[in-house]
Amino acid sequence: MNLENRENFLNKLAAKMGRERKLVPDQMEAPVNDHPTTRLTHLSQQELCNEFISFAKVLLVDVVETKEADVAQAVLDVCQKYGGGSVVLNNDVRLTELGITDAVKANFDSYVWNFSKDEENIEKSAAANIGIVHGEYGLAESGGIVLFATKDNGRSTSLLPTTSIVVVRKSKVLPRVAQLAQILHEKAQAGERMPSCINIISGPSATADIELIKVVGVHGPVSKIYVVIDDL
C-alpha cells in the first residue's frame, strides 16, 4: 500500500467511524500511583534479600547462603547433592575470582564456555547435568535472577543442563524490574555495550497449562539453586 492509498484508506475509515482522524496521540493519563517504581524501595538491603530468598523458595528454588570465602566449597556441595556428573560453567571472571571454576574443574568432569566453539558449547550444555553461572542481579519482588548474555556468558549454560546453579551477591538484589530498567537505561546513556540478551529467570522451568496442574522441568532445568553470597 503506497502512501496515497494509505491516507485514503485511513480517511474513509475515520469517516465511517463518524470522527476526524487523530494525527497526534492523546496525552497519557496520570498514573494512579507510583508503585511500579517505588514498591519495596523502602526496605533495607538485608530486608530486600530476605524477600528475595523467601519468594525464591516459594518458586521451588533451593537457596544456599554462604560467605565469600566459602562459596567455592558451597558450590561443590551443591554439585554433589544434585548428582555431580558433567558440569558446564560460563567463562566468567567472577566465577574464576571466587575460586569456583578451579574447584569444579578439580572435582568434576567439567567444560568451560568458549565463545569460539559455538556448536560445542551448546552440545556440552545440553549433555551436562549441572550448569553454573554468575547472576547479575536478584529481584526481591519475584525471586527472579537476572542474567546477561555476552560472548563469555552463554544462555545455554543456564537453560540446557538438568540442574542450574546461579551465584549471586546479596548486594546485587534489587527491589523489582523497574530498578533493573533504570540501570540498563543508564548504561545505554553512557554508551556502554549492552548484553545480547537479558534473561529474568524465576525458579526451575514449569508449566500448568494442563488442568492447572503444575509440572516442573518441562522445557528447561528441573532444579534451580541460588548460591547467595552474604557480602553485606
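Residues numbered from 1 in each chain as written. Predicted model: local features only at pLDDT ≥ 70, side-chain atom pairs only at ≥ 80, totals over all residues. Heavy atoms only, no water.

With an unreviewed UniProt entry as reference, the protein chain is termed LUD domain-containing protein, source organism Haemophilus parahaemolyticus HK385.

Novice: I tried to follow the overall build of the protein chain on my own but got confused; where do I start?
Specialist: On a plain count of helices and strands, the protein chain comes out with 9 helices and 12 strands. Taken over the C-alpha trace, the protein chain has a radius of gyration of 23 Å; the compact-globule value for 232 residues is 17 Å, which it surpasses by more than 25%. Relative to its 232 residues, the protein chain shows a buried fraction of 40%. Within the protein chain, contacts between residues separated by at least 24 positions form 74% of all contacts whose residues are at least 6 apart in sequence. Entry remark: accessible area of the protein chain is about 13,600 Å², with carbon and sulfur atoms responsible for 52%. For the protein chain, the centre of its 24 positive side-chain charges and the centre of its 30 negative side-chain charges are spaced 5 Å apart. (Helix = DSSP H or I, 4+ residues; strand = E, 2+ residues; numbered from the N terminus. Rg over C-alpha atoms; globule rule 2.2 N^0.38 Å. Buried < 20%, exposed > 50% of the residue type's maximum accessible area, 1.4 Å probe, protein only. Contact = heavy atoms within 4.5 Å. Areas by Shrake-Rupley, 256 points an atom, 1.4 Å probe, with all protein chains shown as cover. Lys, Arg positive; Asp, Glu negative; His and termini not counted. Charge placed at Lys NZ, Arg CZ, Asp CG, Glu CD.)

Novice: Sorry if this is basic, but what is going on with the confidence of the model for the protein chain here?
Specialist: Low-pLDDT portions of the prediction should not be read for the details of their coordinates. Counting all residues, the mean pLDDT for the protein chain is 91, and 92% of those residues have values of 70 or more. Within the protein chain, the lowest mean pLDDT, 63, falls on strand S11 (residues 215-216), and the highest, 98, falls on strand S8 (residues 173-174). (pLDDT = per-residue confidence, 0-100.)

Novice: I tried to follow the packing of aromatic side chains on my own but got confused; where do I start?
Specialist: Any two aromatic rings considered together are summarised by their centre-to-centre distance and by the angle between their planes. Inspection of every chain in the model, using the stated rule, returns 2 aromatic pairs. Judged by centre distance (5.4 Å) and plane angle (0 degrees), the ring pair of Phe52 and Tyr226 falls under stacked. With a gap of 174 residues between them, Phe52 in helix H3 (residues 45-58) and Tyr226 in strand S12 (residues 223-229) connect regions that are remote in the sequence. Given a relative accessible area of 0%, Tyr226 falls into the buried group. (Phe/Tyr/Trp six-rings, centres within 6.5 Å; stacked < 30°, edge-to-face > 60°.)

Novice: Honestly, the sheet that holds strand S7 (residues 163-169) in this entry has me stumped. Any pointers?
Specialist: Read across the sheet, 6 strands follow the order S1-S12-S7-S4-S2-S3 without closing on themselves; strand pairing throughout is parallel. Looking at strand neighbours, the two that pair on one side only are strand S1 (62-66) and strand S3 (109-112), the edges of this open sheet. Averaged over all pairs of adjacent strands, the angle between their axes in this sheet comes to 20 degrees, without regard to strand direction. Sheet analysis places strand S2 (residues 86-89) next to S3, joined by 4 bridges and oriented parallel. Note that in S3 the partner of Ser86 across the bridge is Asp109. (Pairing = 2+ DSSP bridges. Axes fitted to C-alpha atoms, helices over the stretch in contact; angles between N-to-C directions.)

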